[in-house]
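# Topology and contacts: notes
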Amino acid sequence: SYFNDMRRRYQVEHEGITEAQVEQDEITQTYLNSPDSRGHIFMDRPFLTYTGHTSDLLDISWSNNFFILTSSMDKTVRLWHISRKECLCVFQHIDFVTAIGFHPRNDKFFISGSLDGKIRLWNIPDKKVALWTEVDGPSKLITAANFCSMGKFAVVGTYDGRCIFYSTDQLKYHTTIDVRSTRGKNSRGRKVTGIEPMPGEDKILVTSTDSRIRLYDLRDLSLICKYRGYANLSSQIRAAFSPDGRYITAGSENHCVFLWSTVHLPSTLTARKDRNNYYEAIKAHNAAVTCTMFAPVPELIFEAVERGREAAGKPRETPDSVLDDRAAPLTGYVVISGDYNGDIKVFIKEGKKKTSLPR
């Protein structure tokens, strides 16, 4: 409803409303008001479908202001906004665009990484490249990209297992992390498939195709922890943090959704603190799980679940200790996963209810 209202306000101010749009609004409102839809977490139809790319999509990035970037094998990046269905701008490249990301503090800029080995910083209002540089080394194939340190640095991952950092203001080389083990079968760098900054910390999480996820401290580039258990030998799987940074989730080629805790303490004094083999694996898909993420505002999902319970006549059981606090919203975590067959699943972990009382 929020995004639908935003889109309609724009259309009223700039385009006008057609009869078809009025009819679509009535259909949507009827659906939302139907008792049968009260338990639905997602609508049974897409809110909006964007068309324009002529080949497979490779990456997507959202800004805080509801702009969306998509990159494709058609060698373009396209800019969209949730209030409009048409493409706002096309940014042409000379090879597949494998990775994109909005600047975290200023969504008038974004970076793109391409198989031509170049990282580009784009100025969206000017519709042109502000800065660019080329990756050095034997393999110039960029397979992941993101900003870190609140946008101070741009970092790209390569096909041969390197994370290369550049200063954002000039795209000058800063440093490199070799994402590989010191010995054994994983001593040769493997493709980096994901780079995620840790919320509230100067750390990054790196996913690669050696079935490992590594957490690095950017202050000294040290390896803090290596997370194992999931399977990723060829997929573009990337791990993601929960909004508070306490948990990590990743898909897996063995059809499972994986979860790790970032605050796990080893059970014995002799256990290595830089390895975390303790995980929870949820077998809920029938194909490789290619994407998982935590909902940024899980309360919205809990509200939808609660409406469904009430509609089904199955209100949530509330412990006696909090009977006087039924009106307070639930808190907790929500994980959304998608697989190679296109199935989407939602997992919820309800926590204690938020209250205004001190604990």
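Locating Ser-211 in the fold gives a position in the loop between strand S14 (203-208) and strand S15 (212-217). A relative accessible area of 10% means that Ser-211 is categorised as buried. Put simply, Ser-211 and Glu-253 are 42 residues apart on the chain and 9.6 Å apart in space, counted from C-alpha to C-alpha. Among all residues touching Ser-211, those that are not within four sequence positions of it are Tyr-227, Arg-228, Tyr-230, Ala-231, Asn-232 and Leu-233. From its side chain, Ser-211 meets the backbone nitrogen of Asn-232 in a polar contact 2.9 Å long.

This next bit is on the pairing of strand S12 (residues 173-178). With five bridges joining them, strand S11 (residues 162-167) and S12 adopt antiparallel strand pairing. Bridged to Arg-162 within S12 is Asp-178. Here S11 folds back onto S12 in antiparallel fashion, the turn holding five residues, of which Leu-171 has a positive phi close to 55°.

Along its 15 residues, helix H2 (residues 19-33) runs 21 Å from first to last C-alpha, staying within 8% of the 21 Å computed at 1.5 Å per residue. Along H2, the residues that are buried comprise Gln-21, Thr-28 and Tyr-31. The buried residues of H2 occupy one face: seen down the axis, they fall within an arc of 80°. The outward face of H2, more than 90 degrees from its buried face, is lined by the exposed residues Glu-19, Glu-26, Thr-30 and Asn-33.

The next subject is the confidence of the model for the protein. The share of residues in the protein with pLDDT of 70 or more is 87%, and the mean pLDDT across the chain is 87. Every residue in residues 319-324 scores below 50 in pLDDT, and together they form two contacts with partners more than four places removed in sequence or on other chains.

Reading the values: the criteria
Residues numbered from 1 in each chain as written. Predicted model: local features only at pLDDT ≥ 70, side-chain atom pairs only at ≥ 80, totals over all residues. Heavy atoms only, no water. Helix = DSSP H or I, 4+ residues; strand = E, 2+ residues; numbered from the N terminus. Buried < 20%, exposed > 50% of the residue type's maximum accessible area, 1.4 Å probe, protein only. Contact = heavy atoms within 4.5 Å. Polar contact = N/O pair within 3.5 Å; in protein donor to acceptor, adjacent residues only side chain to side chain. Pairing = 2+ DSSP bridges. Expected span 1.5 Å × (residues − 1). Arc of directions from axis to C-beta. pLDDT = per-residue confidence, 0-100.

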